[in-house]
Structure formats: structure tokens, C-alpha cells
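Residue-level structure breakdown
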Amino acid sequence: SPAYPQSVRGVKQMSENTDFLSLLQVSLGDVKKPLPIPVGFYQFEIAKYSFSAQETKNGIMNKLTLMCRPVACVDDSIEADNLPEGWNKKVIFKDFILDENRLHQLSDFFMKTLGIEDHALSMAEIVTTLLVKQQFVGELQHRTFKNKAGEQDVIEEIGSTSRID
């Protein structure tokens, strides 16, 4: 393991497994955007989650974001040779808007996709105690947009989901 300084301009190394200090040693011109994972169906594992609130023209929008890693390709139309290097180390997001009109989408995800059947559990209990490490099948989709430089770019997202057979 390389010897890292304990801090770089006030940024402390979090642990031996945190390799961000060596990542930041890469020259700006050597940084390449990873290739997108092909569109299709993958088995995902929920690695982390976060809550956020954002001011919108209609008020505050609360959101739960699931940070998921693809662990297996379950789409017969995608050959293993077509998966880019590091595809199973990427983090793909699945967002849920938290309001009275959309809370059922999160409830459906818990029950139908993750198979959580204990109806006595609160949504908060599920998120804080059961969510991380859960696995499901999701459709990886590409959403294209123009970035700030006016160039076409791609975001990978999880669309429809289902239970693992």
C-alpha cells in the first residue's frame, strides 16, 4: 500500500481503503470519462442511501436517493465482452420523491421489488435498518442531455425494477 500523506490541504485520509488521494494525483489531461454501461437489465445491490431537500417553484422537494452497484448482468442480449472495464464498480442512482402523492412508489418498491413483507414496519425503519445490501433487478437506462459546455452527455439511471427470481 502506498504511503499517503495524512492530509492534503486540510483533507484527511478517511481509511486505508480510501484511495482518493492517489486519484487526485492524476494529471488533468489524463482523466477520461468512463464508458457507459450498455442499456439493459442488471442485478443491483443497494450500497448506500441519502436524503435531500431541494427548493423548487412549488415548495420543498424531498428525495430519497439509492446508490446502487450493478453486481451481475441478467440481460441475455448483452455479452460480457461488451461490458466496459469497471462496470460493476459504478454507482447508479434510483431516486424516489417523498411526498403524499408519490410515497406509494417507495412502498411498492419495498414490497414488490425487495420483497419486504412485514407491513408493521415503518418506511423509516426499512430505510435505516433493511435497505443497504438489498438486491433487485433493474433496467439500466441512458438519459442524454447537453452539459454546460453544450456537449451531448449521458447519465445512467435505473428505470423499472423487479424482484430477483
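An account of the accompanying structure is given in this report.

How each quantity is defined
Residues numbered from 1 in each chain as written. Predicted model: local features only at pLDDT ≥ 70, side-chain atom pairs only at ≥ 80, totals over all residues. Heavy atoms only, no water. 1 Å grid on protein atoms, 1.4 Å probe; cavity = no way out; pocket = protein on both sides within 12 Å on 5 of 7 lines; lining within 4 Å. Points joined across faces, edges and corners; volume = space filled by probe spheres on them. Helix = DSSP H or I, 4+ residues; strand = E, 2+ residues; numbered from the N terminus. Phe/Tyr/Trp six-rings, centres within 6.5 Å; stacked < 30°, edge-to-face > 60°. Buried < 20%, exposed > 50% of the residue type's maximum accessible area, 1.4 Å probe, protein only. Axes fitted to C-alpha atoms, helices over the stretch in contact; angles between N-to-C directions. Parallel < 35°, antiparallel > 145°, perpendicular 65-115°, else oblique. Left-handed = near helix turned anticlockwise from the far one by under 90°. Contact = heavy atoms within 4.5 Å. Nonpolar A, V, L, I, M, F, W, Y, C, P; charged D, E, K, R; others polar. Salt bridge = Lys/Arg side-chain N within 4 Å of Asp/Glu carboxyl O. Polar contact = N/O pair within 3.5 Å; in protein donor to acceptor, adjacent residues only side chain to side chain.

Further remarks concern the layout of surface pockets. Here the largest pocket is characterised by a volume of approximately 260 Å³. Considering the residues around the largest pocket, the lining is formed by 13 residues, among which Lys-33, Pro-34, Lys-90, Val-154 and Glu-156 are closest to the centre. A per-element tally of the lining of the largest pocket places strand β7 (residues 152–162) first, with five residues.

The final tally for this structure, using the stated rule, is seven aromatic pairs. Arranged with centres 5.9 Å apart and planes meeting at 80°, the rings of Tyr-49 and Phe-51 form a pair that is edge-to-face. Since its relative accessible area comes to 27%, Tyr-49 is described here as partly exposed. Judged by centre distance (6.3 Å) and plane angle (55°), the ring pair of Phe-109 and Phe-110 falls under tilted.

Turning next to the packing of helix α2 (residues 103–113) against helix α3 (residues 123–130). Axis separation between α2 and α3 bottoms out at 11 Å; the angle between their running directions is 50°. In this view, α2 runs oblique relative to α3, as classed from their interaxial angle. Crossing handedness for the pair α2 and α3: left-handed. The residues of α3 that touch α2, namely those facing Leu-103, Leu-106, Ser-107 and Phe-110, are Met-123, Ile-126 and Val-127. Classifying every residue of the contact of α2 with α3 gives six nonpolar, one polar and no charged.

Across all of its chains, the model carries five salt bridges by this definition. Here Asp-153 and Lys-33 are joined by a salt bridge, their closest N and O atoms 2.2 Å apart. Of the two residues, Asp-153 sits in strand β7 while Lys-33 sits in the loop between α1 (20–23) and β3 (40–56), which places them 120 residues apart along the sequence. A residue is classified by how much of its surface remains accessible, and Asp-153, at 18% relative accessible area, is buried. Among the residues examined, Lys-33 registers a relative accessible area of 56% and is labelled exposed. Notably, a salt bridge pairs Arg-102 with Asp-99, separated by 3.7 Å at the nearest N-O pair. Exposure remark for Arg-102: the relative accessible area of 37% places this residue in the partly exposed category. Since its relative accessible area comes to 24%, Asp-99 is described here as partly exposed.

Another point: the side chain of Lys-94. The topology assignment puts Lys-94 in strand β5 (residues 92–97). There is a polar contact of 2.8 Å between the side chain of Lys-94 and the backbone oxygen of Gly-159.

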